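Chain by chain, the residues run as shown.
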Amino acid sequence: MVLDLFSGIGGFSLGLERAGMETVAFCEYDERCRKVLKKHWPDVPQYNDIRTLTAEKLKADGIENIHAICGGFPCQDVSFAGLGVGLDGERSGLWSEYKRLIGEIRPRVAIIENVTALLVRGLDRVLCDLASLGYDAEWHCIPASSVGAHHQRDRVWIIAYPNELANGQQYINAKAWNDIKNHNPAVANTDSQRGCSRAARFKNAEDARQSSGYSWHQREGMGIWDAEPDVGRVANGVPERTHRLKQLGNAVVPQIPEIIGRAIMETEA
């Protein structure tokens, strides 16, 4: 049973449910995103503000025995594209609410996602916060290209769990992480190679562009996929186009939570 925080349009839950988990509640601030969630998960309760969500409120609403919490807290204050305020920022500072809920609910596992800038702008604090709750953690940087996307979209994924579950050992089977790399062996290499792995299948940039429909460009004599998806191809005239683009841009790639979810299910079996 999963509590999905910062739910967006449900990428986390889509992946985890493919792995056999069940989402029992969403928490999402954006009204338009909540409409998308309502369409695809009409029977799952929604909450609109993590700052007011508590374990007591969930219990009062009949939502108990939460096995897992997932979510990618806002990245704007952490991202290199921002001002670098980090976890003290108004938006990325919502990590403190995520931490609070982990402490109140005490799930067997928490899955946390954010931009890789977190590695130098707050990962130490996140890990210390988890340790203060009695949680151990392991983390890996997994790009979208590792599961077949035509862009890099590199992200850090943190899996946290009560200390006693691992007993000093790695909680998630290392094979599960290797399975991710097996989708695209080049992800184990440098960032530039990581972006080129699919491009190498084509003779030139034009072949790649026409085949994929995704943005691909030349940089210093080599072709590389864009860092983020080119969602600008959405046709003009689509209702609420800019809001849909924002939702897509903020969404996680469901295939990665699916692989992580399968690893967790295997561990817990």
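Residues numbered from 1 in each chain as written. Predicted model: local features only at pLDDT ≥ 70, side-chain atom pairs only at ≥ 80, totals over all residues. Heavy atoms only, no water.

## A look at unusual backbone geometry
We note that Phe6 has phi near 45°; this positive angle belongs to a residue other than glycine. If you trace the backbone, Phe6 turns up in the loop between strand 1 (2–5) and helix 1 (11–18). Judged by relative accessible area, Phe6 falls into the buried class, the value being 18%. (Helix = DSSP H or I, 4+ residues; strand = E, 2+ residues; numbered from the N terminus. Buried < 20%, exposed > 50% of the residue type's maximum accessible area, 1.4 Å probe, protein only.)

## Things to note about the side chain of Ser13
In this structure, Ser13 sits in helix 1. Using a relative accessible area of 0% as the deciding quantity, one classes Ser13 as buried. One polar contact links Ser13 to Asp4, side chain to side chain, over a distance of 2.6 Å. Those residues in contact with Ser13 that lie beyond four places of it in its chain are Asp4, Thr23, Phe26 and Trp41. (Polar contact = N/O pair within 3.5 Å; in protein donor to acceptor, adjacent residues only side chain to side chain. Contact = heavy atoms within 4.5 Å.)

## Describing the confidence of the model for the protein
Should pLDDT be low for a region, the predicted coordinates there are not to be read in detail. On average, the protein scores 78 in pLDDT, and the residues at 70 or more come to 68%. Confidence over residues 183–223 falls short of pLDDT 50; this stretch has 63 contacts with residues more than four positions distant or in other chains. (pLDDT = per-residue confidence, 0-100.)

## A word on the packing of aromatic side chains
In the structure shown here, the tally under the stated rule is five aromatic pairs. Here Phe6 and Tyr98 contribute two aromatic rings whose centre-to-centre distance is 6.2 Å and whose plane-to-plane angle is 45°, an arrangement assigned as tilted. Remark: Tyr98 occurs in helix 4 (residues 95–105) and Phe6 occurs in the loop between strand 1 and helix 1; sequence separation between them is 92 residues. Centroid distance Phe12 to Trp157: 5.6 Å. Interplanar angle 65°. Geometry classified as edge-to-face. Here Phe12 is found in helix 1, whereas its partner Trp157 is found in strand 7 (residues 154–162), with 145 residues between them in sequence. (Phe/Tyr/Trp six-rings, centres within 6.5 Å; stacked < 30°, edge-to-face > 60°.)

## Topic: the pattern of salt bridges
Per the counting criterion, the structure on display carries eight salt bridges. Between Arg18 and Glu258 there is a salt bridge, with its nearest N and O atoms 3.9 Å apart. On the criterion of sequence distance, the pair formed by Arg18 in helix 1 and Glu258 in helix 11 (residues 255–268) is long-range, its members being 240 residues apart. Owing to a relative accessible area of 43%, Arg18 belongs among the partly exposed residues under this scheme. A relative accessible area of 16% places Glu258 in the buried class. Notably, a salt bridge pairs Glu104 with Arg100, separated by 3.1 Å at the nearest N-O pair. One end of the pair is Glu104 and the other is Arg100, both in helix 4 and four residues apart, which spans about a single turn. Overlapping salt bridges, with partners in common, bring together Arg18, Glu258 and Arg262 in one network. (Salt bridge = Lys/Arg side-chain N within 4 Å of Asp/Glu carboxyl O.)

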